[in-house]
Amino acid sequence: MLDRLQELKEEALKKVEAAESVKELKDIRIAYLGKKGPVTEVLKGMGKLTAEERPKVGQMANEVRAAVAVSIEEKEQKLEEAALAEKLRAESIDVTLPGRPTVKGARHPLTSVIETIEDIFIGMGFTVAEGPEVETDYYNFESLNLPKHHPSRDMQDTFFITSDLLLRTQTSPVQTRTMEKHEGKGPVKIICPGKVYRRDEDDATHSHQFMQIEGLLVDEGIRMSDLKGIFEQFVKRYFGEDREIRLRPSYFPFTEPSAELDVSCAICGGSGCRTCKQTGWIEVLGSGMVHPNVLRMGGFDPEKYTGFAFGMGVERFAMLKYGIDDIRHFYTNDTRFLSQFHRV
Ligand code: 2NL
């Protein structure tokens, strides 16, 4: 019997040694030390032993139990430690590893130009106004002295949605909406940046969708000299102190008189080059004194109030500033083009 116990002990210890999981150890405990296990079986047979043998076998059985139990416990602890070590290894982070570089976006060049121009006009007391891109015929044309069948309506081919709804061809409707809100009381002193749409064939200098900034100043006693003074300040701040301006007569249905603003060419300094088409001057915006009809429709008394207005294409300003030769670059979003403006 003692031999049998010794045998069982060795067998159990070997299995414990070989065990690879806590579950296996649990099975070994049940198999060897459980109520139906071989050690218990041996003890059940003690009745047949002599009084002399009995305590020895009892002691031995207890020793075997204790030894197996201790070895299971030790092994269990080892396995748990190994599992924890493996978990720590697998989840460890190398904090010395350099991070992956993130690709930073940047202002779109048109956004930069708009913000620069906004800042200049805000500095002269203007506020920024915005409005819908889908407009009614009334705000886009009628309120700007462009009645139905007026030949000037053909000047801009329009994207119509219904006979009355369209994609605005200029940001002027924002200005007539703002005039209405003032209910005949000045001053109105706003600039209106935004997207506008025209049915053009896209090429290097035309885009069916582009950005415009319009401005409007309505108050008592506003004269053409106010327009010229504002333009002088604007041009010197945007293009540089050394640039000259020139007003050239023009025509717009919503202004009378109307004038085109030219800026002296910075490339040739006025002597004539390709950029200024040998004239020494570059056209930058259209403007004029607000037509009395437009003031009246906006709720202002043209006997009391006068005003000036202007409109410019943002793409043209950006092209002049950064020497860009094709308007389509602004809308194709090639990152090789856009990333050049990261520090602008
Ligand atoms: C251009 C010319 C212009 C205006 C826009 C305007 C607005 C109101 C009243 C009168 Cl509410 N005029 N806008 C005036 C003159 C010219 O734009 O070449 N734009 C790209």
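Residues numbered from 1 in each chain as written. Predicted model: local features only at pLDDT ≥ 70, side-chain atom pairs only at ≥ 80, totals over all residues. Heavy atoms only, no water.

Undergrad: How should the site of the ligand be read in this particular structure?
TA: In the vicinity of the ligand there are 17 residues, among which Gln175, Gln212, Glu214, Gly286 and Ala309 approach most closely. At a separation of 3.3 Å, a nitrogen atom of the ligand approaches a polar side-chain atom of Gln212. Between Glu214 and the ligand, the recorded distance is 2.8 Å, taken from a side-chain N or O atom to a nitrogen atom. Within the residue set of the shell around the ligand, elements represented by two or more residues are α7 (172–181), β5 (209–219), β8 (281–290) and β9 (306–313). Looking at the shell around the ligand, the element that brings in the most residues is α7, giving four residues. Each residue belonging to the shell around the ligand can be placed in one class, and the counts come to eight nonpolar, eight polar and one charged. (Near = heavy atom within 4 Å. Polar contact = N/O pair within 3.5 Å; in protein donor to acceptor, adjacent residues only side chain to side chain. Helix = DSSP H or I, 4+ residues; strand = E, 2+ residues; numbered from the N terminus. Nonpolar A, V, L, I, M, F, W, Y, C, P; charged D, E, K, R; others polar.)

Undergrad: Is there a simple way to explain the packing of helix α8 (residues 224–239) against helix α10 (residues 314–322) in this structure?
TA: Look at α8 against α10: their axes get within 12 Å of each other, and the N-to-C directions meet at 45°. Considered as vectors, α8 and α10 are oriented oblique to each other. On the side of α8, the interface is formed by Phe234, Tyr238 and Phe239, while α10 contributes Phe317, Leu320 and Lys321. Here the contact of α8 with α10 is built from residues that sort into five nonpolar, no polar and one charged. (Axes fitted to C-alpha atoms, helices over the stretch in contact; angles between N-to-C directions. Parallel < 35°, antiparallel > 145°, perpendicular 65-115°, else oblique. Contact = heavy atoms within 4.5 Å.)

Undergrad: Looking at this structure, how should I read a negative patch on the surface?
TA: On the surface, a cluster of negative charge is made up of Asp157, Asp200, Glu201, Asp202 and Asp203. Asp157 gets classed as partly exposed once you look at its relative accessible area, which sits at 46%. (Patch = residues over 30% accessible without salt bridge, like charges linked within 9 Å, V, L, I, M, F, W, Y side chains within 5 Å. Areas by Shrake-Rupley, 256 points an atom, 1.4 Å probe, with all protein chains shown as cover. Salt bridge = Lys/Arg side-chain N within 4 Å of Asp/Glu carboxyl O. Lys, Arg positive; Asp, Glu negative; His and termini not counted. Charge placed at Lys NZ, Arg CZ, Asp CG, Glu CD. Buried < 20%, exposed > 50% of the residue type's maximum accessible area, 1.4 Å probe, protein only.)

Undergrad: Teacher, can you tell me more about the pairing of β5 here?
TA: Residues in a regular strand point their side chains to alternate faces of the sheet. With ten of eleven residues buried, β5 is to be regarded as a mostly interior element. Here strand β4 (residues 188–197) pairs with β5 via ten bridges, running antiparallel. When the sheet's bridge partners are listed, Tyr197 is paired in β5 with Gln209. In this structure, β5 lies alongside β9, joined through eight bridges in antiparallel fashion. Looking at the pairing, Glu214 lines up with Gly311 of β9. (Pairing = 2+ DSSP bridges.)

It is worth stressing that arrangement in space is one thing and function is another; only the former is reported here.
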